[in-house]
Amino acid sequence: MEYSEHIKTANVENVVLTRPFHAPIKGTLCVTAHHLLLSGRDGDSSAQLLLLLRNIDAIEKSVENLVGYSGLFSRSSGPGERTSGSSGTITIKCKDLCVLQLDIPGMEECLNIASSIEALSSLERVTEMYPFFHRPHSLSLQGRWGLSSPEEDFARIQPLTDRWRLSQVNGDYSVCPSYPPALIVPRQIDDETLAKAAKFRQGGRFPVLCFYHRKNGKVIMRSSQPLTGANRKRCKEDELLLQAVIEGSELGYVIDTRGAQLAQQARVTGGGFESKSNYISWKRLHRNLERGKVLQESLVKLAEACSDQSHSMDRWLSKLENSKWLSHVNAALATAGLLAECVEREGCSVLVHGSDGTDTTLLLTTLAQLILEPRCRTLPGFLALLEREWVQAGHPFQQRCARSAYSHARLRQEAPTFLLLLDCVWQLGLQFPLAMEFGEPLLLQLARDAYASDFGSFLCNSDRERCDLGVKENTHCLFRFLSSPRERGRLANPLYQPTELAIWPSVQPQSLQLWRGLFFRWTQGAQYLEEAREEIRNLVTQSRGRGCGRSVVPMETEGSVPSSRVVDC
């Protein structure tokens, strides 16, 4: 179907736009295949709207006549006078939590614009989306698409150990549709064994290496749940695979992101967990991390609470608590700290999985690597980490980020797991302001692009789908764009001081804060945050020019996971 078939009215004159931080403006509204544009009457380029339609989560329309509408711009009618003729209002609620209002003269025009927006913002065919048409002059489709690859990851650990190898068992995606073609696995396990082990895991996601700890040689593996079922089925190949991860009498940990009761219930539908009798050297730990509908509803409640500025203090605190968002942040950071502690302090290898292994599993493995690995705390290292642990590892972005907090559509497979990750990373940056090379602007951009982007990195649900649809050949890579010198200067943390130490987050309630930069981004006062960041950047630059430096040293606090303090030199 042509885009023009969705556009019932392409242009409307004398439309009034009301948006955060700007005075209302009047101009010409234009609906295109991928954008909503409004050109200001005075021709001033600053008085324009350019909104990616994919960013629209919900719209509300009213075709009642507006009161005081023309009084904003006409001397002949003052505020409070009703305009002549029919008119309508469209309220646009965006996936990045911004809310806009369009006052449109003419009832028919209003309804046509609303219908066009609803149709074009809900296109499901990936190749119809804007990244396939985005062609900035500063970027080229030639050359490498991403920042990392399994081959490069293997090349980094190959000089350190000979216990691992790079397998092409999934070269045609037949063993596991959601895994990349190349995977790092124990050297002594052949591809035939891997293929049989994959049949014993949900979706074929057999255990693969995602992190090698340079200090002690221990590893973090990830997978999906074993398909033991009610009959307690076992798989010799899967048991051999996990035994090959650890040596001799070593102990390994399995961190299951489901509670023990949920794991037991999964056996009824064919899932399950690793039994103690068949995986003798592995100790199972259950940590219940919410996912799916529960997590999505938590975001909806939080967005609702943050958007209403009329709440009393008691009402606001009650709504914040009822959303349980900070409880999810706490649980994710606490469990990631446990995972990192098993590797760093206990000296044990760990396997992480939930049910599918595409959501909370990736959340934990990413946070644990940020805690343990200094390279992942650099800007390019963090972007490569996200590409490896989320894009290549098969997080279903197309399903999880189809809708955000304002949608009226019935929830299907939406869940803000990636947004929860970014919030946890922001908490780490808050507690360790010197430890990470990137700052809040990068996290905010990633949060926006996960739901609606000019780039193709978050399209589709797996590497196989991106390959089938030609995403890498026909769209630009977000991670390469953000790692360019120009963008790095904008996104860098001016306080950054590299440290080889692990950064252990505090998970005490007093240590966690609501991410104001995201959830209050469009409220009064938020417009000054960017000015404050720029001023801090200038002050730090001047201070460093005078030879002042800083360093990070560890500090233990009673009743919490180790934190850090800043010491002036």
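On a predicted model such as this, the values are computed, not experimentally measured, just so you know.

Student: What am I meant to see in helix α6 (residues 292-307) here?
Tutor: Note that an α-helix has 3.6 residues per turn; residues three or four places apart therefore point the same way. For α6, built from 16 residues, the straight-helix expectation of 22 Å at 1.5 Å per residue is met to within 8% by its first-to-last C-alpha distance of 23 Å. Every buried residue of α6 is accounted for by Leu295, Gln296, Ser298, Leu299, Leu302, Ala303, Ala305 and Cys306. At its buried positions, α6 is contacted by α7 (313-323), α8 (325-344), α12 (417-431), α13 (440-451) and α18 (516-519).

Student: What exactly am I supposed to notice about helix α2 (residues 150-157) here?
Tutor: Among the residues of α2, those classed as buried are Pro150, Asp153, Phe154 and Ile157. End-on, the buried residues of α2 take up no more than an arc of 95°, which puts them together on one face. Next to the buried residues of α2 lie β8 (164-167), β9 (183-186), β10 (208-212) and α10 (379-392).

Student: Would you mind showing me how to read the pairing of strand β12 (residues 252-256) here?
Tutor: Regular strands place side chains that alternate from one sheet face to the opposite one. Of all 5 residues in β12, 5 are buried; the element is thus mostly enclosed. Covered by surrounding structure in β12 are Gly252, Val254 and Asp256 together with Tyr253 and Ile255, the residues of both alternating faces. Relative to strand β13 (residues 282-286), β12 is paired through 5 bridges, and the arrangement is parallel. If you follow Tyr253 over to β13, its bridge partner there is Lys283. Taken together, β12, helix α5 (residues 260-266) and β13 constitute a β-α-β crossover, and its handedness is right-handed.

Student: Just checking my understanding: could you explain unusual backbone geometry for this structure?
Tutor: A negative phi holds for most residues other than glycine; trans holds for most peptide bonds. A positive phi is found at Arg232, a non-glycine position, where the angle reads about 55°. Tracing the sequence through the fold places Arg232 in the loop between β11 (219-222) and α4 (236-245). One non-glycine residue, Cys460, lies in the positive phi region at around 70°.

Student: Where do I start with the sheet that holds β11 in this structure?
Tutor: In a beta sheet, neighbouring strands are held together by backbone hydrogen bonds and run either parallel or antiparallel to one another. Spatially, the 5 strands line up as an open sheet ordered β10-β11-β14-β12-β13, and their pairing is mixed. Because the sheet does not close on itself, it has two edges, and the strands there are β10 and β13. The mean inter-strand angle of the sheet, taken between neighbouring strand axes irrespective of direction, is 25°. Judged from the 4 bridges that link them, β12 and strand β14 (residues 350-353) form a sheet pairing that is parallel. Note on β14: the bridge partner recorded for Asp256 is His353. Against the sheet, helix α9 (residues 360-372) makes contact with β10, β11, β12 and β14, and its axis sits at roughly 165° relative to β11, the strand it touches most.

Student: Before we go on, may I ask you to explain the nonpolar core in this structure?
Tutor: A general trend in soluble globular proteins is that nonpolar side chains are found buried together. The biggest cluster of nonpolar side chains holds 98 residues, and the ones touching the most others in it are Leu367, Phe382, Phe418, Leu446 and Phe519. If we ignore the near neighbours within four places in the chain, the residues touching Leu446 are Phe382, Leu386, Phe418, Leu422, Phe458, Leu478, Phe479 and Leu482. If you look at the next biggest cluster of nonpolar residues, it comprises 28 residues, including Tyr3, Ala33, Leu38 and Ile56.

Student: Quick question: what am I supposed to make of the packing of aromatic side chains here?
Tutor: The description of two aromatic rings rests on the distance between their centres and on the angle between their planes. Following the criterion strictly, the structure yields 13 aromatic pairs and no others. Pairing Trp316 with Phe520 gives two aromatic rings, centres 5.6 Å apart and planes at 45°, and the pair type is tilted. Of this pair, Trp316 sits in helix α7 while Phe520 sits in the loop between α18 and α19 (529-545), and the two are 204 residues apart along the sequence. Both residues of the pair, Trp316 and Phe520, count as buried. Between Phe382 and Phe438 the ring centres are 4.3 Å apart and the planes differ by 20°, which places this aromatic pair in the stacked class. Pair noted here: Phe382 is in helix α10 and Phe438 is in the loop between α12 and α13, with a separation of 56 residues, a long-range link.

Cut-off values and rules
Residues numbered from 1 in each chain as written. Predicted model: local features only at pLDDT ≥ 70, side-chain atom pairs only at ≥ 80, totals over all residues. Heavy atoms only, no water. Helix = DSSP H or I, 4+ residues; strand = E, 2+ residues; numbered from the N terminus. Expected span 1.5 Å × (residues − 1). Buried < 20%, exposed > 50% of the residue type's maximum accessible area, 1.4 Å probe, protein only. Contact = heavy atoms within 4.5 Å. Arc of directions from axis to C-beta. Pairing = 2+ DSSP bridges. Right-handed = clockwise from strand over helix to strand, strands pointing away. Axes fitted to C-alpha atoms, helices over the stretch in contact; angles between N-to-C directions. Core = buried A, V, L, I, M, F, W, Y, C linked by side-chain atoms within 4.5 Å. Phe/Tyr/Trp six-rings, centres within 6.5 Å; stacked < 30°, edge-to-face > 60°.

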